[in-house]
Amino acid sequence: MESSKVDMFIMSNNKYFESHQVAGIREQLLGMDESKWPILQTQQFKDPTTSLIVSLFAGNLGIDRFMIGDTGLGIGKLLTCGGFGLWAIIDWFMIMGATRERNFEKLQLAIA
Amino acid sequence: MIHLRTFEYVPGEHEAEKASNSYLMSLVALIAGLPLPIVNLFATLIFFMGNRKSTYFVRWHCMQALLSQFSLLFINSFGFWWTMGLIFGKEEISDRYIAYMIALFLFNLMEFIATIYTAIKTRKGVHVEWFFYGSLANQLIKPRS
């Protein structure tokens, strides 16, 4: 794929991925077929900051986990009322990383 | 008590953030879980389990944060149930109880300050090894081959 397109994608989406993943993503996209560009453009990634805000306010109900696509963990969190408050606190520190990981997995699925 | 050491490799920005979060999370859990001392241990254990597939640096610091809670658990549990005994039982406040509570407070304060210091240093990518817990973490956590 053209490097200008790849750089544009990286610039506008790098906040959705872990910093160490960005260089690898760039390499992958450069070697990707041009026909996948429309699929890539339509991908919607979850914002880690939004997940953190949701986790702070609705973490006890598991909404943050539902939001990033971890339905099983979300149900577990909902039924235990945020793991008796404890899991909700732990997720304040983990949800941003988890969101970036899910975004990376989503991207891998899209360009596979 | 606390040694600044050179790690096997230079940890990346994302690793330093996650490792530092393990200490910060233990502080938040400690405050949220008071007066129950077991809450903090559970929180660090779950945090370690959540990061078990992470890098060596992150796992190592999660393990040190977890191990440092064990001694606190015993000291705080004893203090907690002694206090419960005084409130609901027939026992009266003795000099031994006051001495124990002062020691407990000092130990907790020391741990609190050490945790804040380690969180700040780890966030900058500096490898901080605690006395005893650092050696234990070295034994328990090995780099993936």
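In what follows, the accompanying structure is described. (Residues numbered from 1 in each chain as written. Chains lettered and ligands numbered in written order. Predicted model: local features only at pLDDT ≥ 70, side-chain atom pairs only at ≥ 80, totals over all residues. Heavy atoms only, no water.)

Secondary structure assignment for chain B yields 5 helices and 2 strands. Its helices and strands taken in sequence order, chain B reads β-α-α-α-α-β-α from the N to the C terminus. Based on the C-alpha atoms only, the size of chain B along its principal axes is roughly 60 × 25 × 25 Å. Of the accessible surface of chain B, which amounts to about 8,200 Å², a share of 70% is contributed by carbon and sulfur atoms. Of the charged side chains in chain B, 12 are positive and 9 negative, and the gap between their average positions amounts to 9 Å. (Helix = DSSP H or I, 4+ residues; strand = E, 2+ residues; numbered from the N terminus. Areas by Shrake-Rupley, 256 points an atom, 1.4 Å probe, with all protein chains shown as cover. Lys, Arg positive; Asp, Glu negative; His and termini not counted. Charge placed at Lys NZ, Arg CZ, Asp CG, Glu CD.)

Take the interface of chain A and chain B next. For an interface, size is often stated in terms of accessible area lost upon the parts coming together. Every contact between the two is made by 9 residues of chain A and, on the other side, 16 residues of chain B. Note on chain A versus chain B: buried area summed over both sides is about 1,100 Å², and carbon and sulfur give 80% of it. Seen at the junction of chain A and chain B, the total is 1 salt bridge. The salt bridge involving B:K18 is made with A:E18; its shortest N-O contact spans 3.9 Å. Put simply, chain A and chain B have 2 residue pairs in polar contact (both at pLDDT 80 or more) between them. Per element, the largest residue contribution to the side of chain A that touches chain B is 6 residues, and it comes from helix α8 (residues 86–111) of chain A. A class-by-class count of the residues in the side of chain A that touches chain B yields 6 nonpolar, 2 polar and 1 charged. (Contact = heavy atoms within 4.5 Å. Buried area = accessible area lost by both parts, 1.4 Å probe. Salt bridge = Lys/Arg side-chain N within 4 Å of Asp/Glu carboxyl O. Polar contact = N/O pair within 3.5 Å; in protein donor to acceptor, adjacent residues only side chain to side chain. Nonpolar A, V, L, I, M, F, W, Y, C, P; charged D, E, K, R; others polar.)

This part is about the side chain of A:S51. Summarising the element assignment, A:S51 is placed in helix α4 (residues 48–58). When residues no more than four places from it in sequence are discounted, the contact partners of A:S51 are A:D64, A:M67, A:I68, A:I95 and A:T99.

The angle between the axes and the distance between the axes are what describe a pair of packed helices. Residue and element names in this part refer to chain B. Relative orientation of the contacting elements helix α1 (residues 13–33) and helix α2 (residues 38–50) amounts to 155°, with a least axis distance of 8 Å. With respect to their mutual orientation, α1 and α2 come out roughly antiparallel. The hand of the α1/α2 crossing is right-handed. Here K18, N21, S22, M25, S26, A29, L30 and G33 of α1 lie close against α2, whose contacting residues are V39, N40, A43, T44 and F47. Partitioned by chemical class, the residues of the contact of α1 with α2 number 6 nonpolar, 6 polar and 1 charged. (Axes fitted to C-alpha atoms, helices over the stretch in contact; angles between N-to-C directions. Parallel < 35°, antiparallel > 145°, perpendicular 65-115°, else oblique. Left-handed = near helix turned anticlockwise from the far one by under 90°.)

Glancing now at the pattern of salt bridges. If you walk through the whole model with that rule in mind, you get 12 salt bridges over all chains. Two residues, A:D91 and A:R65, come together in a salt bridge whose shortest N-O distance is 2.7 Å. With A:D91 in helix α8 and A:R65 in helix α5 (residues 63–68), the pair connects residues that are 26 residues apart, well separated along the chain. Assessed through its relative accessible area of 0%, A:D91 is described here as buried. The partner of B:R123 in a salt bridge is B:E13, with the nearest N and O atoms 3.0 Å apart. Taken together, the positions of B:R123 in helix α4 (residues 95–123) and B:E13 in helix α1 put the pair 110 residues apart, joining distant regions of the chain. For B:R123, a relative accessible area of 32% corresponds to the partly exposed category. When salt bridges with common partners are traced through the structure, they connect A:D64, A:R65, A:D70, A:K77, A:D91, A:R102 and A:E105 into a single cluster. (Buried < 20%, exposed > 50% of the residue type's maximum accessible area, 1.4 Å probe, protein only.)

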